[in-house]
Amino acid sequence: MDILEQSDADIRKVAETIWGDMVNGANSRDWDIYSQHMLAESVTEQARASVEHQWQYSKMFTSLTEEREFMGVLRQMDHVLVLWKQWSTKVEGDFLVMLYLKSVEENVKVIGSWIR
């Protein structure tokens, strides 16, 4: 089923699993775990280098908590945007996570992510 047709609760369940894997991959600096839900064409050496650069220089990006606060789902033209409030074990403050998800051949894939 297309992600755009799913309920917010169903989207949240899928997104929680995906973001959980991305948090685990970021905290352990493991590209294979971090990128496993991305579109195949997005898993490039350039993307890997960019993420690894962030892991090297951002304390927040490698110390994300398992705890997060779900904020909502926004449906856009061909994808959904899932929002959370996220925290770090090493950097004080609240961070906004935006995870862009799209249905691709019966699978839900990450087409973008953003944390600030």
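The structure we're discussing is the one just above.
Novice: Describe in detail the pattern of salt bridges, supporting the description with residues and values.
Specialist: Going through the model one piece at a time under the given rule, you end up with 5 salt bridges. Residues Lys102 and Asp78 are paired through a salt bridge, measuring 3.0 Å at the closest nitrogen-oxygen approach. In this pair, Lys102 is assigned in strand β3 (residues 95-104) and Asp78 in the loop between β1 (64-75) and β2 (80-88), connecting sequence segments 24 residues apart.

Novice: Before we move on, could you go through the sheet that holds β2 and cite the residues and values that matter?
Specialist: Backbone-to-backbone hydrogen bonds join strands into a sheet, with any given pair of strands oriented parallel or antiparallel. If you trace the 4 strands from one edge of the open sheet to the other, you get β1-β2-β3-β4, paired in antiparallel fashion. Each end of this open sheet is capped by a strand with a single partner; those strands are β1 and β4 (107-115). Between one strand axis and the next, the sheet turns through 25° on average, direction left out of account.

Novice: Could you give an account of the pairing of β1, naming the residues involved and the relevant values?
Specialist: When β1 meets β2, the two strands line up antiparallel, connected through 8 bridges. Its bridge partner lying in β2, Leu74 is registered against Leu81. Counted along the chain from β1 to the antiparallel partner β2, the turn is 4 residues long.

Novice: An account of the packing of aromatic side chains is requested, with residue identities and associated values reported.
Specialist: Under the criterion given, the structure shown has 4 aromatic pairs. Where Tyr34 meets Trp55, the ring centres are 5.7 Å apart and the plane angle is 90°; that geometry is what we call edge-to-face. Residue Tyr34 is located in helix α2 (residues 31-35), and its partner Trp55 is located in helix α3 (residues 45-57); the two are separated by 21 residues in the primary sequence. Take Tyr34: its relative accessible area is 4%, and that puts it in the buried class.

Novice: Any chance you could break down the pairing of β4 for me, citing the residues and the numbers?
Specialist: Here 8 bridges tie β3 to β4, and the two strands are oriented antiparallel to one another. Directly across from Val104, in β4, lies its bridge partner Asn107. What sits between β3 and β4 in their antiparallel hairpin is a turn of 2 residues, with Glu105 showing a positive phi close to 50°.

Novice: Could you give me a rundown of the nonpolar core, with the residues and numbers involved?
Specialist: By size, the foremost hydrophobic cluster in this structure holds 27 residues, and its most contacted members are Trp19, Met22, Tyr34, Val82, Leu99, Leu101 and Ile115. Elements represented by at least two residues in this core include exactly α1 (8-27), α2, α3, β1, β2, β3 and β4. The element best represented in this core is α1, accounting for 7 residues. The residues touching Tyr34, leaving out its near neighbours within four places in the chain, are Asp21, Met22, Gly25, Ala26, Val51, Trp55, Phe61 and Ser113.

Novice: Describe α1, naming the residues involved and giving the relevant values.
Specialist: Between its terminal C-alpha atoms α1 stretches 27 Å, which fits the 28 Å expected from 20 residues at 1.5 Å a residue. Considered for burial, the residues of α1 that qualify are Ile11, Ala15, Ile18, Trp19, Gly20, Met22, Val23, Gly25 and Ala26. Buried positions along α1 lie against α2, α3, β1, β2, β3 and β4. Arg29 lies just past α1 and shows a positive phi near 55°.

Novice: For the environment of Asp30, give the residues involved together with the corresponding values.
Specialist: For Asp30, the location among the structural elements is in the loop between α1 and α2. Once residues lying within four places of it in the same chain are set aside, the contact partners of Asp30 are Gly25 and Trp55. A polar contact of 3.1 Å, which involves the side chain of Asp30, links it to the backbone nitrogen of Ile33.

Each value, and the rule that gives it
- Residues numbered from 1 in each chain as written.
- Predicted model: local features only at pLDDT ≥ 70, side-chain atom pairs only at ≥ 80, totals over all residues.
- Heavy atoms only, no water.
- Salt bridge = Lys/Arg side-chain N within 4 Å of Asp/Glu carboxyl O.
- Helix = DSSP H or I, 4+ residues; strand = E, 2+ residues; numbered from the N terminus.
- Pairing = 2+ DSSP bridges.
- Axes fitted to C-alpha atoms, helices over the stretch in contact; angles between N-to-C directions.
- Phe/Tyr/Trp six-rings, centres within 6.5 Å; stacked < 30°, edge-to-face > 60°.
- Buried < 20%, exposed > 50% of the residue type's maximum accessible area, 1.4 Å probe, protein only.
- Core = buried A, V, L, I, M, F, W, Y, C linked by side-chain atoms within 4.5 Å.
- Contact = heavy atoms within 4.5 Å.
- Expected span 1.5 Å × (residues − 1).
- Polar contact = N/O pair within 3.5 Å; in protein donor to acceptor, adjacent residues only side chain to side chain.

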